[in-house]
Amino acid sequence: MNKFKLIQLVAISTLLGSCAVNAPVVGSGKVSYGDSNAVETVNTDFGSTDLNMVASQMATALITSGKINQCKTYTVSKVRNKTDQYIDTENITQSIVNNLSNSAQVKSQYVLSSQEMQNQVDELDRQNQSGLYNQSTTAKTGKMQGAQCRLDGYVSNITKDNGQVKDVFYVFNMKLIDVQQGTQLWSNDKQIRKDMTK
(Lines give C-alpha, C1' and ligand atoms only; values in the text may rest on other atoms or scores of the structure.)
Protein backbone atom coordinates (compact mmCIF):
# COMPACT_ATOMS: atom_id res chain seq x y z
CA MET A 1 0.00 0.00 0.00
CA ASN A 2 1.47 3.33 -0.97
CA LYS A 3 1.96 6.16 1.49
CA PHE A 4 -0.82 8.35 0.02
CA LYS A 5 -3.47 5.61 0.33
CA LEU A 6 -2.36 4.86 3.89
CA ILE A 7 -2.77 8.55 4.85
CA GLN A 8 -6.25 8.57 3.27
CA LEU A 9 -7.25 5.40 5.16
CA VAL A 10 -6.06 6.84 8.49
CA ALA A 11 -7.91 10.14 7.83
CA ILE A 12 -11.17 8.33 6.99
CA SER A 13 -10.87 6.08 10.05
CA THR A 14 -10.24 9.11 12.28
CA LEU A 15 -13.21 10.96 10.80
CA LEU A 16 -15.56 8.01 11.22
CA GLY A 17 -14.34 7.45 14.76
CA SER A 18 -14.96 11.05 15.74
CA CYS A 19 -18.45 10.95 14.18
CA ALA A 20 -19.29 7.87 16.21
CA VAL A 21 -18.07 9.49 19.43
CA ASN A 22 -19.99 12.73 18.85
CA ALA A 23 -23.16 11.16 17.44
CA PRO A 24 -26.15 11.42 19.77
CA VAL A 25 -27.29 8.13 21.28
CA VAL A 26 -30.94 7.64 20.43
CA GLY A 27 -33.08 6.39 23.31
CA SER A 28 -30.35 6.73 25.92
CA GLY A 29 -32.64 8.37 28.51
CA LYS A 30 -34.20 6.44 31.36
CA VAL A 31 -37.59 4.98 30.49
CA SER A 32 -40.15 3.97 33.07
CA TYR A 33 -43.86 3.20 33.12
CA GLY A 34 -46.21 5.70 34.69
CA ASP A 35 -49.76 5.47 35.92
CA SER A 36 -52.03 5.95 32.87
CA ASN A 37 -54.67 7.43 35.20
CA ALA A 38 -52.30 9.89 36.90
CA VAL A 39 -52.98 13.60 36.43
CA GLU A 40 -50.93 14.94 33.52
CA THR A 41 -49.90 18.59 33.89
CA VAL A 42 -47.03 19.01 31.42
CA ASN A 43 -48.69 21.97 29.68
CA THR A 44 -52.11 23.50 28.96
CA ASP A 45 -52.75 21.35 25.88
CA PHE A 46 -55.64 18.89 25.88
CA GLY A 47 -53.98 15.78 27.33
CA SER A 48 -54.54 12.24 28.56
CA THR A 49 -56.14 13.33 31.85
CA ASP A 50 -58.62 15.48 29.95
CA LEU A 51 -59.43 12.65 27.54
CA ASN A 52 -60.02 10.13 30.34
CA MET A 53 -62.08 12.59 32.38
CA VAL A 54 -64.27 13.73 29.49
CA ALA A 55 -64.98 10.23 28.17
CA SER A 56 -65.75 8.81 31.60
CA GLN A 57 -67.89 11.69 32.86
CA MET A 58 -69.89 12.08 29.63
CA ALA A 59 -70.63 8.35 29.44
CA THR A 60 -71.58 8.27 33.15
CA ALA A 61 -73.88 11.29 32.77
CA LEU A 62 -75.62 9.69 29.78
CA ILE A 63 -75.98 6.33 31.54
CA THR A 64 -77.30 7.96 34.72
CA SER A 65 -79.89 9.94 32.74
CA GLY A 66 -81.38 6.70 31.42
CA LYS A 67 -81.86 8.33 28.00
CA ILE A 68 -79.56 5.92 26.15
CA ASN A 69 -81.96 3.07 26.96
CA GLN A 70 -84.73 4.87 25.08
CA CYS A 71 -82.84 3.84 21.96
CA LYS A 72 -82.82 0.22 20.80
CA THR A 73 -79.62 0.89 18.85
CA TYR A 74 -77.19 3.80 18.88
CA THR A 75 -74.03 4.98 17.20
CA VAL A 76 -71.38 7.52 18.17
CA SER A 77 -70.20 10.02 15.56
CA LYS A 78 -66.52 10.99 15.63
CA VAL A 79 -66.04 13.83 18.10
CA ARG A 80 -65.27 17.06 16.23
CA ASN A 81 -62.25 19.18 17.14
CA LYS A 82 -63.07 22.92 17.16
CA THR A 83 -59.99 23.89 19.18
CA ASP A 84 -56.86 25.69 17.97
CA GLN A 85 -54.69 22.62 18.61
CA TYR A 86 -54.38 19.04 17.38
CA ILE A 87 -56.50 16.57 19.39
CA ASP A 88 -56.89 12.93 18.45
CA THR A 89 -60.67 12.94 18.78
CA GLU A 90 -60.90 9.34 17.58
CA ASN A 91 -59.50 8.30 20.97
CA ILE A 92 -62.16 10.34 22.79
CA THR A 93 -64.88 8.80 20.60
CA GLN A 94 -63.63 5.26 21.18
CA SER A 95 -63.31 5.80 24.94
CA ILE A 96 -66.96 6.93 25.09
CA VAL A 97 -68.01 3.88 23.04
CA ASN A 98 -66.03 1.62 25.41
CA ASN A 99 -67.59 3.17 28.51
CA LEU A 100 -71.13 2.78 27.13
CA SER A 101 -70.62 -0.68 25.63
CA ASN A 102 -69.08 -2.08 28.81
CA SER A 103 -71.76 -0.76 31.16
CA ALA A 104 -74.27 -3.32 32.47
CA GLN A 105 -76.78 -0.46 32.77
CA VAL A 106 -76.85 0.17 29.01
CA LYS A 107 -79.37 -2.13 27.33
CA SER A 108 -79.06 -0.44 23.92
CA GLN A 109 -76.90 -2.02 21.25
CA TYR A 110 -74.03 -0.15 19.62
CA VAL A 111 -73.95 -0.17 15.81
CA LEU A 112 -71.01 0.89 13.67
CA SER A 113 -70.56 4.55 12.86
CA SER A 114 -70.13 5.77 9.30
CA GLN A 115 -66.36 6.09 9.92
CA GLU A 116 -66.18 2.39 10.89
CA MET A 117 -68.50 1.12 8.14
CA GLN A 118 -65.97 0.64 5.33
CA ASN A 119 -64.33 -2.34 7.04
CA GLN A 120 -67.76 -3.94 7.46
CA VAL A 121 -68.64 -3.34 3.80
CA ASP A 122 -65.28 -4.81 2.71
CA GLU A 123 -65.90 -7.93 4.81
CA LEU A 124 -69.41 -8.44 3.41
CA ASP A 125 -68.08 -7.99 -0.14
CA ARG A 126 -65.29 -10.49 0.53
CA GLN A 127 -67.72 -13.11 1.82
CA ASN A 128 -70.43 -12.60 -0.80
CA GLN A 129 -68.63 -11.60 -3.99
CA SER A 130 -65.26 -13.35 -3.93
CA GLY A 131 -66.69 -16.81 -4.72
CA LEU A 132 -64.48 -18.29 -2.01
CA TYR A 133 -67.15 -19.05 0.58
CA ASN A 134 -70.02 -21.46 0.96
CA GLN A 135 -72.98 -19.10 0.60
CA SER A 136 -74.95 -20.90 3.32
CA THR A 137 -72.32 -19.76 5.87
CA THR A 138 -71.75 -16.16 4.81
CA ALA A 139 -73.10 -13.02 6.47
CA LYS A 140 -75.77 -11.64 4.16
CA THR A 141 -75.93 -8.07 2.88
CA GLY A 142 -78.93 -5.93 3.76
CA LYS A 143 -79.22 -7.33 7.29
CA MET A 144 -77.34 -4.68 9.29
CA GLN A 145 -79.29 -2.67 11.85
CA GLY A 146 -79.55 1.08 11.55
CA ALA A 147 -78.94 3.34 14.53
CA GLN A 148 -82.10 4.64 16.17
CA CYS A 149 -80.04 7.27 18.01
CA ARG A 150 -76.80 9.10 17.30
CA LEU A 151 -74.43 10.55 19.90
CA ASP A 152 -72.69 13.70 18.59
CA GLY A 153 -69.99 15.72 20.29
CA TYR A 154 -67.35 18.38 19.88
CA VAL A 155 -64.59 20.00 21.90
CA SER A 156 -63.78 23.73 21.67
CA ASN A 157 -61.51 26.08 23.57
CA ILE A 158 -60.82 29.71 24.45
CA THR A 159 -57.16 30.65 25.04
CA LYS A 160 -56.00 33.82 26.82
CA ASP A 161 -52.34 34.71 27.30
CA ASN A 162 -51.13 37.96 28.90
CA GLY A 163 -47.44 37.03 28.84
CA GLN A 164 -47.44 35.99 32.49
CA VAL A 165 -50.34 33.53 32.65
CA LYS A 166 -51.73 31.31 29.93
CA ASP A 167 -55.34 30.30 30.53
CA VAL A 168 -57.09 27.69 28.37
CA PHE A 169 -60.78 26.97 28.83
CA TYR A 170 -62.09 23.79 27.17
CA VAL A 171 -65.75 22.92 26.66
CA PHE A 172 -66.79 19.43 25.63
CA ASN A 173 -70.40 19.12 24.41
CA MET A 174 -72.39 15.99 23.64
CA LYS A 175 -75.98 15.36 22.60
CA LEU A 176 -78.08 12.28 21.91
CA ILE A 177 -80.35 12.60 18.87
CA ASP A 178 -83.24 10.42 17.67
CA VAL A 179 -82.20 9.83 14.04
CA GLN A 180 -85.68 9.35 12.59
CA GLN A 181 -87.41 12.18 14.42
CA GLY A 182 -84.44 14.54 14.56
CA THR A 183 -85.19 15.29 18.21
CA GLN A 184 -82.64 15.81 20.94
CA LEU A 185 -83.08 13.34 23.79
CA TRP A 186 -80.17 14.43 25.99
CA SER A 187 -77.30 16.91 26.09
CA ASN A 188 -74.49 17.71 28.48
CA ASP A 189 -71.17 19.53 28.64
CA LYS A 190 -67.95 19.22 30.56
CA GLN A 191 -65.77 22.26 31.21
CA ILE A 192 -62.04 22.17 31.91
CA ARG A 193 -59.82 25.14 32.76
CA LYS A 194 -56.00 24.88 32.68
CA ASP A 195 -53.68 27.69 33.79
CA MET A 196 -49.93 27.95 33.39
CA THR A 197 -47.82 30.63 35.09
CA LYS A 198 -44.77 31.60 33.04
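Our structure is the block above this text.
Just so we're clear, the structure is a prediction, and the values are computed from it rather than from any experiment.

### Focus on the nonpolar core
Next, step 1: If you look at the biggest cluster of nonpolar residues, it comprises 29 residues, and the most contacted ones within it are Phe-46, Ile-92, Ile-96, Leu-100, Leu-151, Phe-172 and Leu-176.
Next, step 2: Sort the elements by how many residues they give to this core and helix α2 (residues 48–65) lands first, with seven residues.
Next, step 3: With residues near it in sequence (within four places) discarded, Ile-96 still touches Ala-55, Ala-59, Leu-151, Phe-172 and Met-174.

### Thoughts on the packing of aromatic side chains
Each aromatic ring pair is specified by the distance between its two centres and by the angle formed by the two planes.
Next, step 1: Applying the stated rule across the entire model yields two aromatic pairs.
Next, step 2: Seen from their ring centres, Phe-46 and Tyr-170 are 5.5 Å apart, and the 70° between their planes marks the pair as edge-to-face. With Phe-46 in the loop between α1 (3–22) and α2 and Tyr-170 in strand β5 (residues 165–178), the pair connects residues that are 124 residues apart, well separated along the chain.
Next, step 3: Overall, Tyr-170 belongs to the buried group, its relative accessible area being 1%.
Next, step 4: Sitting over the face of the ring of Tyr-154, Lys-82 holds its NZ or CZ atom 4.2 Å from the ring centroid.

### What to know about the packing of α2 against helix α3 (residues 89–101)
Next, step 1: Direction vectors running N to C along α2 and α3 enclose 40°, while the axes themselves pass 9 Å from each other. Taken together, the axis directions place α2 and α3 in an arrangement best described as oblique. In terms of crossing hand, the pair formed by α2 and α3 is right-handed. Contacts between α2 and α3 involve Leu-51, Val-54, Ala-55, Ser-56, Ala-59, Leu-62 and Ile-63 from the former and Asn-91, Ile-92, Ser-95, Ile-96, Asn-99 and Leu-100 from the latter.
Next, step 2: Within the contact of α2 with α3, the residues separate by chemical class into nine nonpolar, four polar and no charged.

### Some words on the state of the cysteines
Next, step 1: Scanning the entire structure with this criterion turns up one disulfide.
Next, step 2: Two residues share a disulfide in this structure: Cys-71 and Cys-149, whose sulfurs sit 2.0 Å from each other. As the torsion about the S-S bond is roughly -85°, the Cys-71-Cys-149 disulfide counts as left-handed. Here Cys-71 is found in the loop between α2 and β1 (73–76), whereas its partner Cys-149 is found in strand β4 (residues 149–161), with 78 residues between them in sequence.

Reading the values: rules and limits
Residues numbered from 1 in each chain as written. Predicted model: local features only at pLDDT ≥ 70, side-chain atom pairs only at ≥ 80, totals over all residues. Heavy atoms only, no water. Core = buried A, V, L, I, M, F, W, Y, C linked by side-chain atoms within 4.5 Å. Buried < 20%, exposed > 50% of the residue type's maximum accessible area, 1.4 Å probe, protein only. Helix = DSSP H or I, 4+ residues; strand = E, 2+ residues; numbered from the N terminus. Contact = heavy atoms within 4.5 Å. Phe/Tyr/Trp six-rings, centres within 6.5 Å; stacked < 30°, edge-to-face > 60°. Lys NZ or Arg CZ within 6 Å of the ring centre and 35° of its normal. Axes fitted to C-alpha atoms, helices over the stretch in contact; angles between N-to-C directions. Parallel < 35°, antiparallel > 145°, perpendicular 65-115°, else oblique. Left-handed = near helix turned anticlockwise from the far one by under 90°. Nonpolar A, V, L, I, M, F, W, Y, C, P; charged D, E, K, R; others polar. Disulfide = S-S within 2.5 Å.

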